[in-house]
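Spelled out from the first residue to the last, the chains are:
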Amino acid sequence: MKERIGYCGLDCAACDAYLATIHDDQTLREKTAKLWSELNQAPILPEHINCLGCRGDGIKTVFCEHLCAIRQCALKKSMTTCGGCPELEHCQTVGAVIRNSPDAKKNLEEAMRLTDRT
């Protein structure tokens, strides 16, 4: 499994917040804050765009840290990712991500295979 896969299966290493953080890229922070503000119709500032991935130690965006229902559920269930959850196929919480991102589903399927081996 890729190292920076989020609980939902998305690749945190490809996220603009992660990239802006590891490269200390203020221009990317500003661009991402503007886009995310428009998409979420919420005030997101460049200083909010700092994240090292939802499953790792370190800083996270406010959304990832406190508001992401997927992350909160996985933490509550002590899951490495949603891929190991027996409710995955019928889960409405992670369902939207899976429907909209074939790569996320593939990443979670890989996580399930790894979970089955242990």
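Not measured: the values here are computed from a predicted model. Residue indices follow the written sequence of each chain, beginning from 1 at its first position. Reporting in this predicted model follows two pLDDT cut-offs: at least 70 for local features of residues, and 80 or more for side-chain atom pairs to be given and counted; totals over whole chains, interfaces and linings ignore these cut-offs and use all residues. The side-chain numbers reported here are obtained from all heavy atoms of the structure, hydrogens and water having been left aside.

**A closer look at the pattern of salt bridges**
Here a salt bridge means any side-chain nitrogen of Lys or Arg lying within 4 Å of a carboxyl oxygen belonging to Asp or Glu. On inspection of all chains with the given rule, the structure shows five salt bridges. The closest approach of N and O atoms between Glu 38 and Lys 34, which form a salt bridge, is 2.8 Å. Of the two residues, Glu 38 and Lys 34 are both situated in helix α2 (residues 26–40); the distance of four residues between them amounts to about one turn of the helix. For every residue, the accessible area (1.4 Å probe, protein chains only) is compared with the maximum for its type, and the residue is labelled buried under 20%, exposed over 50%, or partly exposed between those bounds. On the basis of relative accessibility, which here comes to 49%, the residue Glu 38 falls in the partly exposed class. The partner of Lys 105 in a salt bridge is Glu 89, and the shortest N-O contact between them spans 3.9 Å. One end of the pair, Lys 105, is in helix α6 (residues 102–117); the other, Glu 89, is in the loop between α4 (69–76) and α5 (92–100), and 16 residues separate them in sequence. Look at Lys 105 and you get partly exposed, because its relative accessible area is 29%. A cluster of three or more residues bridged by salt bridges with shared partners is formed by Glu 89, Lys 105 and Glu 109. The numbering of helices and of strands both runs from the N terminus, where a helix is a DSSP run of H or I of at least 4 residues and a strand a run of E of at least 2.

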